[in-house]
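Here's the letter readout for the chains.
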Amino acid sequence: SRGSKFGKPELFSDHSSVGLIAVPTTLSGAEYSNTAGVLDTISQTKEGYRAPVMCAKAIVYDAMLTTHTPEWLFLSTAIRSLDHAIEGYCSADATPFHDGHYLHAMTLFSEALPGIKQEPGNLHMRSLSQHAVWLACCGLGSVSHGASHGIGYILGSLCGVPHGYTSCVMLPAVLHWNTSVLGDRAGHITRAMGGEGSDAASVVKQLIATLGLPTNLQEVGVEHSQLDEIAERVIQHPVVKKNPRPLQSAEQAKEILMLAWKEN
């Protein structure tokens, strides 16, 4: 079926001579993935496609090129990668190898992103943020994510929310909802992000607010009347099923959405 959808089945052969060179100008980390998301505009659902040839064979980071990226896009995609790091760190699939990468990615993002906001032309900070992406994406495809990613896919397909913005509004809410099962890991996240004395969810939300990015669902155009349908879809999503604190009902999904609905 991959051939029938794309018209050239040979492009999806493991022995294909086609190779991708990625020169990223955002911080989402998509260059490390061998998957692609496609929106079905009829059902308003997101389909996923995976093949080895879809992953870049070489990645070229140039901090200067990122200066042409709109600020909101650059910073919000950084929060998407921070989402990779935090949900990866909280995943049952993570190993000590992954943990070190994820925690250092959190530290670099916490240091670099406010610096970029204050001084957009600071190439050193932009380079540090690219290194953070590299670290945050070490487990893409092998380490499962949780409800922030799963809900984000639904917000994108059903409500048209940009990918980076979904992490801005959902990551703190999901982290707060998961805290009871994270044990010491919540404190490790806080310390990695330089937030001693605060809970992990608050530290993440404060970073997002400092960057001038949206922190609740209203700010990204989600209507209150949509929450029930979103919750029903959330509980069926395969990514959500890997959340550290199991979601067993649409009511629980609605709890998370209401945490993301509040303005403060």
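Here the structure is a predicted model, which means the values were calculated and not measured.

Peer 1: Give me the nonpolar core: which residues, what numbers.
Peer 2: Proteins that are soluble and globular tend to have nonpolar side chains buried together. In this structure, L82, I86, M106, L155, M170, L217 and I230 are the most contacted members of the largest nonpolar core, which totals 69 residues. Broken down by element, the residue count for this core peaks at 10 residues, all from helix 6 (residues 163–182).

Peer 1: Any chance you could break down empty space enclosed by the protein for me, citing the residues and the numbers?
Peer 2: Tallying each qualifying case throughout the model produces one cavity of 30 Å³ or more. Estimated volume of the largest cavity: approximately 80 Å³. Taken together, 14 residues form the lining of the largest cavity, with I86, E87, C90, N178 and P244 sitting closest to its centre. Counting only elements with at least two residues in the lining of the largest cavity, the list comes to helix 2 (71–89) and helix 6. The dominant element in the lining of the largest cavity, judged by the number of residues it contributes, is helix 6, at four residues. Here the residues of the lining of the largest cavity sort into six nonpolar, six polar and two charged.

Peer 1: For the pairing of strand 2 (residues 35–40), give the residues involved together with the corresponding values.
Peer 2: Both strand 2 and strand 3 (residues 45–50) contribute to a ladder of six bridges, which runs antiparallel. Considered in strand 3, the bridge of T35 is made with R50. Adjacent in sequence and paired antiparallel, strand 2 and strand 3 are bridged by four residues, among which Q44 carries a positive phi angle near 55 degrees.

Peer 1: Lay out the layout of surface pockets in plain terms, naming residues and giving numbers.
Peer 2: In this structure, the largest pocket spans a volume of roughly 1100 Å³. Listed by contribution, the elements that provide at least two residues to the lining of the largest pocket are strand 2, strand 3, helix 2, helix 5 (147–159) and helix 6. When residues in the lining of the largest pocket are grouped by element, the largest group, six residues, is from strand 3. Elements supplying a minimum of two residues to the lining of the second largest pocket: helix 6, helix 8 (200–210) and helix 10 (250–261). The dominant element in the lining of the second largest pocket, judged by the number of residues it contributes, is helix 6, at four residues. Considered class by class, the residues forming the lining of the second largest pocket number six nonpolar, four polar and three charged.

Peer 1: Describe the packing of helix 6 against helix 7 (residues 184–192), with residues and values.
Peer 2: At their nearest, the axes of helix 6 and helix 7 sit 7 Å apart, and the two run at 125 degrees to each other. Of the possible angle classes, the one that applies to helix 6 and helix 7 is oblique. The residues of helix 7 that touch helix 6, namely those facing L175, T179 and L182, are D184, R185, A186 and I189. Its residues assigned to classes, the contact of helix 6 with helix 7 comprises four nonpolar, one polar and two charged.

Peer 1: Break down the packing of helix 6 against helix 8 for me, with residues and values.
Peer 2: Remark: helix 6 packs on helix 8, axes separated minimally by 8 Å, with the N-to-C direction vectors making an angle of 165 degrees. Of the possible angle classes, the one that applies to helix 6 and helix 8 is roughly antiparallel. Classified by chirality, the crossing of helix 8 by helix 6 is left-handed. On the side of helix 6, the interface is formed by C168, L171, P172, L175 and H176, while helix 8 contributes A200, A201, V204, K205 and I208. Tallied by class, residues from the contact of helix 6 with helix 8 come to eight nonpolar, one polar and one charged.

Peer 1: Quick one: what's the story with the pattern of salt bridges, residue by residue and with numbers?
Peer 2: Tallied over the entire structure, the rule returns five salt bridges. For K117, the salt bridge identified is with E71, shortest N-O distance 2.9 Å. Pair noted here: K117 is in helix 3 (residues 96–118) and E71 is in helix 2, with a separation of 46 residues, a long-range link. Classification of K117 by relative accessible area gives partly exposed; the value is 30%. On the basis of relative accessible area, E71 is assigned to the partly exposed category, the value being 39%. Note that D228 is salt-bridged to K254, the shortest N-O span being 2.8 Å. Taken together, the residues D228 in helix 9 (residues 227–234) and K254 in helix 10 connect sequence positions 26 residues apart. With relative accessibility at 23%, the residue K254 sits in the partly exposed group.

Peer 1: Give me the lowdown on helix 9, citing residues and values where you can.
Peer 2: Burial in helix 9 covers these residues: L227, I230, A231 and V234. All buried residues of helix 9 project into a common sector of 100 degrees when viewed along the axis, lining one side. Summarising the contacts, the buried residues of helix 9 are in contact with helix 5 and helix 10.

Conventions and cut-offs
- Residues numbered from 1 in each chain as written.
- Predicted model: local features only at pLDDT ≥ 70, side-chain atom pairs only at ≥ 80, totals over all residues.
- Heavy atoms only, no water.
- Core = buried A, V, L, I, M, F, W, Y, C linked by side-chain atoms within 4.5 Å.
- Buried < 20%, exposed > 50% of the residue type's maximum accessible area, 1.4 Å probe, protein only.
- Helix = DSSP H or I, 4+ residues; strand = E, 2+ residues; numbered from the N terminus.
- 1 Å grid on protein atoms, 1.4 Å probe; cavity = no way out; pocket = protein on both sides within 12 Å on 5 of 7 lines; lining within 4 Å.
- Points joined across faces, edges and corners; volume = space filled by probe spheres on them.
- Nonpolar A, V, L, I, M, F, W, Y, C, P; charged D, E, K, R; others polar.
- Pairing = 2+ DSSP bridges.
- Axes fitted to C-alpha atoms, helices over the stretch in contact; angles between N-to-C directions.
- Parallel < 35°, antiparallel > 145°, perpendicular 65-115°, else oblique.
- Contact = heavy atoms within 4.5 Å.
- Left-handed = near helix turned anticlockwise from the far one by under 90°.
- Salt bridge = Lys/Arg side-chain N within 4 Å of Asp/Glu carboxyl O.
- Arc of directions from axis to C-beta.

The values are spatial; any link to function lies outside them.
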